[in-house]
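A structural walkthrough
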Amino acid sequence: MVHVVDVHVGKRIRQRRWLTGMTQQKLAELVGIKFQQIQKYETGANRVSASRLWDIADALGVPVSFFFEGLKDEEVADGPAVDGLPADLMADKEAMELVRSYYAIPENQRRRLFELARVLSDVA
């Protein structure tokens with residue numbers, strides 16, 4: 001049976017990998033396993049051992065604790081959408097793509113885009 005912690009850790013692996021633009025294949029190569037194993041970790045189908053999680057964290061440039069952040073809030077995130085936002089914003093592929101694109105913009109332009117978005121959301 002799938003455990004909620006394994007699913008959460010898998011989601012966090014997928015989110016971080018996706019934000020960095022890394023493929024499952026590349027992460028698997030860095031960790032020394034097959035990409036199918038990364039798929040199983042990301043879905044929560046297989047548990048990630050402590051040593052493997054250490055290697056994944058190193059490959060993704062985050063501390064091991066990153067994978068457990070928000071775990072207590074998991075029940076809240078599974079609730080209904082509020083104000084048109086997905087219940088789990090970080091699991092929404094479009095939102096993740098927007099975040100990645102946003103941070104690819106130079107900082108001064110990013111600030112201006114942020115202000116524009118804020119104004120547009122106030123008008124809507």
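Details of the structure are given in the entry above.
As the structure is a prediction and not an experimental result, all values here were calculated from the model.

What to know about the packing of helix 1 (residues 4–19) against helix 4 (residues 50–60)
Any two packed helices are characterised by how steeply their axes cross, that is the angle between the axes, and by the distance between the axes. Contact geometry for helix 1 and helix 4: axes closest at 10 Å, N-to-C directions at 20°. When the axes of helix 1 and helix 4 are compared, the pair comes out roughly parallel. As for the relative orientation of helix 1 and helix 4, their crossing is left-handed in sense. In this structure, helix 1 uses V9, I13, R16 and R17 to contact helix 4, whose residues at the interface are L53, I56 and L60. By residue class, the composition of the contact of helix 1 with helix 4 is 5 nonpolar, no polar and 2 charged.

Considerations on the packing of helix 2 (residues 24–31) against helix 3 (residues 35–43)
At their nearest, the axes of helix 2 and helix 3 sit 8 Å apart, and the two run at 105° to each other. The orientation of helix 2 relative to helix 3 falls into the category roughly perpendicular. Along its contact with helix 2, which presents Q24, Q25, L27 and A28, the element helix 3 presents F35, I38, Q39 and E42. Split by residue class, the contact of helix 2 with helix 3 holds 4 nonpolar, 3 polar and 1 charged.

Things to note about the nonpolar core
Ranked by internal contacts, the top residues of the largest apolar core, which has 17 residues, are I13, L27, Y41, V48, I56, L60 and F67. Elements supplying a minimum of two residues to this core: helix 1, helix 2, helix 3 and helix 4. Top element by residues in this core is helix 4. It accounts for 4 residues.

Details of the pattern of salt bridges
Taken as a whole, this structure holds 5 salt bridges when the rule is applied. A salt bridge links E42 to R17; the shortest N-O distance between them is 2.6 Å. With a gap of 25 residues between them, E42 in helix 3 and R17 in helix 1 connect regions that are remote in the sequence. The residue R111 makes a salt bridge to E107 at a minimum N-O spacing of 3.2 Å. One end of the pair, R111, and the other, E107, are both in helix 7 (residues 107–123), 4 residues apart, so they sit about a helical turn from each other. By relative accessible area, E107 is classed as partly exposed at 47%.

A few points about the layout of surface pockets
Space inside the largest pocket adds up to approximately 220 Å³. If you go around the largest pocket, the residues you meet are L98, V99, S101, Y102, I105, L113, F114, L116, A117 and L120. Elements supplying a minimum of two residues to the lining of the largest pocket: helix 6 (93–104) and helix 7. Ranked by residues supplied to the lining of the largest pocket, first place goes to helix 7 with 5 residues.

Digging into the packing of aromatic side chains
Counted by the stated rule, this structure contains 2 aromatic pairs. With 5.4 Å between their ring centres and 85° between their planes, F66 and F67 make a pair best called edge-to-face. Centroid distance Y102 to Y103: 5.1 Å. Interplanar angle 90°. Geometry classified as edge-to-face. Classification of Y102 by relative accessible area gives partly exposed; the value is 22%. For Y103, a relative accessible area of 54% translates into the label exposed. Over the face of the ring belonging to F66 we find R12, whose NZ or CZ atom lies 3.9 Å from the ring centre. The ring of W18 has R100 sitting right over it, with the charged end atom 3.9 Å from the ring centre.

Analysis parameters
- Residues numbered from 1 in each chain as written.
- Predicted model: local features only at pLDDT ≥ 70, side-chain atom pairs only at ≥ 80, totals over all residues.
- Heavy atoms only, no water.
- Axes fitted to C-alpha atoms, helices over the stretch in contact; angles between N-to-C directions.
- Helix = DSSP H or I, 4+ residues; strand = E, 2+ residues; numbered from the N terminus.
- Parallel < 35°, antiparallel > 145°, perpendicular 65-115°, else oblique.
- Left-handed = near helix turned anticlockwise from the far one by under 90°.
- Contact = heavy atoms within 4.5 Å.
- Nonpolar A, V, L, I, M, F, W, Y, C, P; charged D, E, K, R; others polar.
- Core = buried A, V, L, I, M, F, W, Y, C linked by side-chain atoms within 4.5 Å.
- Buried < 20%, exposed > 50% of the residue type's maximum accessible area, 1.4 Å probe, protein only.
- Salt bridge = Lys/Arg side-chain N within 4 Å of Asp/Glu carboxyl O.
- 1 Å grid on protein atoms, 1.4 Å probe; cavity = no way out; pocket = protein on both sides within 12 Å on 5 of 7 lines; lining within 4 Å.
- Points joined across faces, edges and corners; volume = space filled by probe spheres on them.
- Phe/Tyr/Trp six-rings, centres within 6.5 Å; stacked < 30°, edge-to-face > 60°.
- Lys NZ or Arg CZ within 6 Å of the ring centre and 35° of its normal.

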